[in-house]
Amino acid sequence: MTSFSPRVLSSERLLVCLFTPSSDLLAKIQEILGQPQRYLLVAAQSRSEFFQLIEQERQQIDCLVLQEEPQLPSVVDWLHAHATLLPTVVVMFSPLGELADDGIPTTPEAELTFLYHTAEVRLTSERLQDLGQAIERAIGEFLNLSPACRLPTSSADPDPHTDLTTQNFLSLQQRRLTEKLKERLGYLGVYYKRSHKNFLRNLPPAEQRAFLDELKADYRSIVLAYFSDEEQLNRRLDDYVNTAFFADIPVSQVVEIHMEIMDDFAKQLKLEGRNEEILLDYRLTLIDTLAHLCEMYRRSIPRESPEQ
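Here the structure is a predicted model, which means the values were calculated and not measured.

Visitor: Give a detailed account of the environment of Ala 266, specifying residues and quantitative values.
Guide: By the secondary structure assignment, Ala 266 is in helix α9 (residues 251-272). Ala 266 has contacts with Glu 276 and Leu 279, leaving out every residue within four places of it along the chain.

Visitor: Kindly report on the packing of aromatic side chains, identifying the contributing residues and their values.
Guide: On inspection of all chains with the given rule, the structure shows seven aromatic pairs. Ring centres 5.4 Å apart and planes at 40° place the aromatic pair Tyr 219 and Tyr 240 in the tilted group. Taken together, the residues span a long stretch of sequence, with Tyr 219 in helix α7 (residues 205-225) and Tyr 240 in helix α8 (residues 233-246) at a distance of 21 residues. Each member of the pair, Tyr 219 together with Tyr 240, is buried. An aromatic cluster of at least three residues, connected via ring pairs, comprises Phe 19, Phe 50, Phe 51 and Trp 78.

Visitor: Outline helix α3 (residues 72-81), supporting the account with residue identities and numerical values.
Guide: Every buried residue of α3 is accounted for by Leu 72, Val 75, Val 76, Trp 78, Leu 79 and His 80. Positive phi shows up at Ala 83, right after α3, with a value of about 50°.

Visitor: Any details on the nonpolar core? Residues and values, ideally.
Guide: Residues Tyr 219, Tyr 240, Ile 249, Val 254, Met 262, Leu 279 and Leu 293 are the most contacted members of the largest nonpolar core, which totals 31 residues. Counting only elements with at least two residues in this core, the list comes to α7, α8, α9 and α10 (283-300). At seven residues, α9 tops the list of elements feeding residues into this core. With residues up to four places along the chain from it excluded, the contact list for Tyr 240 reads Leu 215, Asp 218, Tyr 219, Ile 222, Val 254, Ile 257 and Thr 289.

Visitor: Can you explain the pattern of salt bridges? Please cite residues and give values.
Guide: Side chains that differ in charge, positive against negative, can pair when their charged atoms come close. All chains considered together, the criterion is met by seven salt bridges. For Lys 216, the salt bridge goes to Asp 264, with nearest N and O atoms at 3.4 Å. Placement of Lys 216 in helix α7 and of Asp 264 in helix α9 is noted, with a sequence separation of 48 residues between them. With a shortest N-O distance of 3.0 Å, Glu 272 and Arg 274 are connected by a salt bridge. Using a relative accessible area of 41% as the deciding quantity, one classes Glu 272 as partly exposed. In the salt-bridge network here, residues are joined through shared partners; they are Lys 216, Glu 260 and Asp 264.

Visitor: If you had to explain unusual backbone geometry to someone new, which residues and values would you point to?
Guide: With glycine set apart, most residues show a phi of negative sign, and most peptide bonds adopt trans. We note that Asp 248 has phi near 55°; this positive angle belongs to a residue other than glycine. Tracing the chain through its elements places Asp 248 in the loop between α8 and α9.

Visitor: Tell me what's going on with a nonpolar patch on the surface, and back it up with residues and numbers.
Guide: Side chains of Phe 227, Leu 284 and Ile 287 sit close together on the surface and give an oily, nonpolar patch of about 310 Å² of accessible area. Within the secondary structure layout, Phe 227 lies in the loop between α7 and α8. In this structure Phe 227 comes out as partly exposed when scored by relative accessible area, which is 47%.

Visitor: Summarise helix α1 (residues 23-34); cite the residues concerned and give the values.
Guide: Taking 1.5 Å as the rise per residue, α1 with 12 residues should run 16 Å; its terminal C-alpha atoms sit 16 Å apart, in good agreement. Taken as a whole, α1 has its buried residues at Leu 25, Leu 26, Ile 29, Ile 32 and Leu 33. One side of α1 carries all its buried residues, which in axial view fall inside an arc of 130°. Along α1, the residues that are exposed and aim more than 90 degrees away from the buried face are Asp 24 and Glu 31. The elements touched by buried residues of α1 are β1 (14-19), β2 (39-44), β3 (63-67) and α4 (131-143). Near the N-terminus of α1, the side chain that reaches the backbone nitrogen of Asp 24, with its oxygen 3.4 Å away, is that of Ser 22.

About the cut-offs
- Residues numbered from 1 in each chain as written.
- Predicted model: local features only at pLDDT ≥ 70, side-chain atom pairs only at ≥ 80, totals over all residues.
- Heavy atoms only, no water.
- Helix = DSSP H or I, 4+ residues; strand = E, 2+ residues; numbered from the N terminus.
- Contact = heavy atoms within 4.5 Å.
- Phe/Tyr/Trp six-rings, centres within 6.5 Å; stacked < 30°, edge-to-face > 60°.
- Buried < 20%, exposed > 50% of the residue type's maximum accessible area, 1.4 Å probe, protein only.
- Core = buried A, V, L, I, M, F, W, Y, C linked by side-chain atoms within 4.5 Å.
- Salt bridge = Lys/Arg side-chain N within 4 Å of Asp/Glu carboxyl O.
- Patch = residues over 30% accessible without salt bridge, like charges linked within 9 Å, V, L, I, M, F, W, Y side chains within 5 Å.
- Areas by Shrake-Rupley, 256 points an atom, 1.4 Å probe, with all protein chains shown as cover.
- Expected span 1.5 Å × (residues − 1).
- Arc of directions from axis to C-beta.
- Polar contact = N/O pair within 3.5 Å; in protein donor to acceptor, adjacent residues only side chain to side chain.

Written as structure tokens, this is what we have:
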């Protein structure tokens, strides 16, 4: 067991609690999460040690990492019995469908048997190097988990009182984690509230086209109003950047939208016999938009903590 004594966490470090009986897996995860120093890892290799850690530090823990192994169902039962719900990554040692670009399984929900709660993230042991991304996704999924969600249960007749207590605790945990992320991590708290399900690359093709058409229309309206005295321009620009951020739109896509609109305007100016050089002024619109978006992405990425 890795001992843990209460301490003040640095502003950009997440407390990860690991349960694994395997010394080899513990060593690998310590190495993976050690650099960069974004995480403070505490670990238990027995159920009793893990339960003690949870009881002592549940208000500080940001994410659980649980190994798939024979003791895990009883560990989960204990967590449910103690109305404890936390963001969770389950490290699996069996195949789990196709992998997404970030190496995290994308097996349809209907084919998955959720062990702890429906926001848990599965990670195959072969892709353990992607644990940091899995932790980020687990926190994001947890923050979007409905308090009314149903939990797995081994009982044929679940206790409504226990369900209600657990759901109330989930709501409290979500609020606590959200506020803690905002306080400790600033923009990173906003980053974790994104849902990968809403990322442009994960939408069906028809929805992708509709989303990009709407994004292009919004940007066109910003361009048309950019040199006016419209009071709402900054708000519209902020809304556009927020939409792009939560859909994980790459900067190159924003540039492409700008160029498409400039091409449309150039064709219209040619038809009217007007000079196209006026369009050069709208480079300022693109620069302004990219500056806002890049700053949002920059501030959402945890900086490495200095060596202590």
